[in-house]
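A look at the structure
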Amino acid sequence: MTTDASNISSLKMHRDTASHDHEALFDKIRNELSKFGLTPNQSKVFLYLEKYGSSTATQVSKALKVPRTETYHLLTNLQNKGIVSATFQHPIKFTGLPLDKAITALINAEKERVKGLETQEKSLVELWNTLPSFKVNNEEIKDGKFQMLQGINQMTGKIKSMLTGSKETIQVLASEKDFMKFYHAGYLEWISNSNAEAQLVSSSSEKTAYIYEGNLIDKVKKMPIKIKEDLCFIIKDEEEAILFMKNTNEVSQNVLAMWTDSYSMVYTLKLLFTYIWSNSKYLKDEKIEQ
C-alpha cells in the first residue's frame, strides 16, 4: 500500500513538473510572437487554436477566460492578419494556420507595410518642405541629446545606423549572453563588414567563441572577472553611444536602452572602456593558454 501511494505521489509530481515546463514553454513562444506584431491576447488565442484545433468563439472564450466580446474582436484581428480562418457553418468555427506558415504570413505583411512607408517617404518629405519654418530659436544644441529606446525594433534601427555608419572606431562592452543576442540579431556581421577599427570586450567563453568568426576573433578581449556582467554599451567614433539598461523581463518590447551624443557621457564611457580594454587579454590568447 505504501509503495502504491509512493508511486502515485511520484507520478503526480512528474505530471506537475511537466505541466509547469509546458506552461513556461508556452509563455516563451507567446513572448516570441510579440516580435511579429501580435499582442499577448492575440498570441494566446492563436496558440490555443494551434494546440486544440478548430474551435468556436465560445470555446476559446471559456478556455482562456477572456470575455466573449473581446474574443470575437481578437479573432477578427487574427483573421485580418491572415493567420486565422473561419467556417461558414453555425456556430462559426475558427482555425489557425500552422505556426511556420503563420509566421511567414506575418513577416510578409510587415514587409509590405514597410514597402508602403518607403514609397510614401519621399512625397511626405517634399510636402513638409513646402511649409514655412516657424522656429524662433535656431541656436545649435551644444550640450548633446539623448533618446530612450524601448523594444528590439527601435534599438536595431539605431544600432544599425551607428555600426554601418562608423568611420573610425566601434567599441563594444557586453556579457557573453548579450554578445550572443548581438550575434543572432546580426550586429556582429555589421561590425565585421565595417571599415572602422573594432574593439570588443566580452565575458565570452571558449564555447561561444565561434560567434566571432572571421576577422573579429582578433578584436575580442576577455572581460576581467571582477567586472560586473550587467554593463553593456556601444560607442561609435567617440561621438555617440548606446547604453543598455538591464531588465529582468526579457520580453523584446520591454528591453530599454539610451542613445546619446553628449560629449561628457560618451567621453566617460570611452574612459571606462579604455581602462577595461587595457586590463584585459585577447580571447584567442586565453584559448591558447587553456
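This write-up is about the structure you can find in this document. Computed from a prediction, not measured in an experiment: that's the story for all the values here.

**Some words on the overall build of the protein**
Each helix and strand in the protein was counted, giving 10 helices and 11 strands. The burial tally for the protein puts 33% of its 290 residues in the buried class. Put simply, 65% of the contacts in the protein that link residues at least 6 apart link residues at least 24 apart. Carbon and sulfur atoms form 55% of the exposed surface of the protein, whose accessible area is close to 19,100 Å².

**Quick notes on the pairing of strand 6 (residues 197-202)**
Both strand 5 (residues 169-174) and strand 6 contribute to a ladder of six bridges, which runs parallel. By the bridge assignment, Thr169 is partnered in strand 6 with Glu197.

**A few points about the packing of aromatic side chains**
All told, the structure shown has 10 aromatic pairs when counted by the stated rule. Consider the rings of Phe179 and Tyr212, whose centres lie 5.6 Å apart with planes at 70°: the pair is edge-to-face. Taken together, the residues span a long stretch of sequence, with Phe179 in helix 7 (residues 176-185) and Tyr212 in the loop between strand 6 and strand 7 (220-222) at a distance of 33 residues. For the pair shown, Phe179 and Tyr212 are each scored as buried. Arranged with centres 6.0 Å apart and planes meeting at 20°, the rings of Phe273 and Trp277 form a pair that is stacked. Pair noted here: Phe273 and Trp277 are both in helix 9 (residues 263-278), with a separation of four residues, about one helical turn.

**Remarks on the nonpolar core**
By size, the foremost hydrophobic cluster in this structure holds 31 residues, and its most contacted members are Ile159, Phe179, Phe182, Ile191, Tyr212 and Phe244. Going through the elements one at a time, helix 6 (152-165), strand 5, helix 7, helix 8 (187-193), strand 6, strand 9 (240-245) and strand 10 (256-260) are the ones with two or more residues in this core. If near-sequence neighbours (up to four positions away) are discounted, Phe179 is found in contact with Val172, Ala174, Leu188, Leu200, Val201, Ser202, Ser204, Ile211 and Tyr212. With 19 residues, the next largest nonpolar core counts Leu38, Ala57, Leu64 and Ile83 among its residues.

**Things to note about the environment of Asp178**
Along the chain, Asp178 falls in helix 7. Among the residues examined, Asp178 registers a relative accessible area of 8% and is labelled buried. Along the primary structure Asp178 and Ser204 are separated by 26 residues, whereas in three dimensions their C-alpha atoms are 9.5 Å apart. Of note is the side chain of Asp178, whose polar atom sits 3.0 Å from the side chain of Ser175.

**Let's talk about the packing of helix 2 (residues 40-52) against helix 4 (residues 68-80)**
Relative to each other, helix 2 and helix 4 sit at 80°, their axes nearing to 10 Å. In this view, helix 2 runs roughly perpendicular relative to helix 4, as classed from their interaxial angle. Facing Asn41, Gln42, Val45, Phe46 and Leu49 of helix 2, the residues of helix 4 in contact are Glu70, Leu74, Leu75, Asn77 and Leu78. Looking at the contact of helix 2 with helix 4 residue by residue, the classes come out as six nonpolar, three polar and one charged.

**Considerations on the pairing of strand 3 (residues 93-96)**
Looking along a regular strand, one sees the side chains alternate between the two faces of the sheet. Covered by surrounding structure in strand 3 are Phe94 and Gly96 only, the residues Lys93 and Thr95 on the alternate face being uncovered. For strand 1 (residues 55-56) and strand 3, the ladder comprises two bridges, and the chain directions are antiparallel. Bridging across to strand 3, Ser55 finds its partner in Phe94. With three bridges joining them, strand 2 (residues 84-86) and strand 3 adopt antiparallel strand pairing. Note that in strand 3 the partner of Ala86 across the bridge is Phe94. Two successive antiparallel strands, strand 2 and strand 3, enclose a turn made up of six residues.

**Points about helix 6**
Across its 14 residues, helix 6 extends 19 Å between first and last C-alpha, which sits within 8% of the 20 Å expected from 1.5 Å per residue. Turning to helix 6, its buried residues are Met155, Ile159, Met162 and Leu163. Mapping the buried residues of helix 6 onto a view down its axis gives an arc of 90°, with all of them on the same face. Considering only its buried residues, helix 6 is in contact with strand 4 (146-150), strand 5, helix 8, strand 8 (233-236), strand 9 and strand 10.

Rules of the game
Just so you know, the residues in each chain are numbered from 1, in the order the chain's sequence is written. Totals for whole chains, interfaces and linings use every residue, but because this is a predicted model, local features are given only for residues with pLDDT of at least 70 and side-chain atom pairs only at 80 or more, for both listing and counting. Side-chain figures throughout are based on the complete set of non-hydrogen atoms in the structure, without hydrogens or water. Helix and strand assignments come from DSSP, with helices taken as H or I runs of at least 4 residues and strands as E runs of at least 2, each series counted from the N terminus. Only protein chains enter the accessibility calculation, which uses a 1.4 Å probe; a residue is then buried when its area is under 20% of its type maximum, exposed when over 50%, and partly exposed in between. We call two residues contacting when some pair of their heavy atoms lies within 4.5 Å. Only the protein chains shown count as cover for residues, and the accessible areas themselves come from Shrake-Rupley with a 1.4 Å probe. Two strands qualify as a pair provided that DSSP identifies no fewer than 2 bridges between them. Two rings belonging to Phe, Tyr or Trp (six-membered ring only in the last case) form a pair when the distance between their centres is within 6.5 Å. Interplanar angles under 30 degrees mark stacking, angles over 60 mark edge-to-face geometry, and anything in between is tilted. Here, the term nonpolar core denotes a set of buried Ala, Val, Leu, Ile, Met, Phe, Trp, Tyr and Cys residues that are joined through side-chain atoms within 4.5 Å. Whenever a nitrogen or oxygen atom comes within 3.5 Å of another N or O atom, the pair is scored as a polar contact, on the condition that within protein one atom can donate a hydrogen and the other can accept it, and that pairs from neighbouring residues in sequence are kept only if both atoms are in side chains. Between N-to-C directions, angles cover 0 to 180 degrees, with each direction set by a line fitted to C-alpha atoms, over the stretch in contact for helices. Each angle receives one of four descriptions, namely roughly parallel if under 35 degrees, roughly antiparallel if over 145, roughly perpendicular if within 65 to 115, and oblique otherwise. The residue classification treats Ala, Val, Leu, Ile, Met, Phe, Trp, Tyr, Cys and Pro as nonpolar and Asp, Glu, Lys and Arg as charged. All others, Gly included, are polar. For a helix, the expected span equals 1.5 Å multiplied by the residue count minus one. By definition, the arc is the one covered by directions from the helix axis to the C-beta atoms.

No statement about biological role is implied by the geometric values presented.
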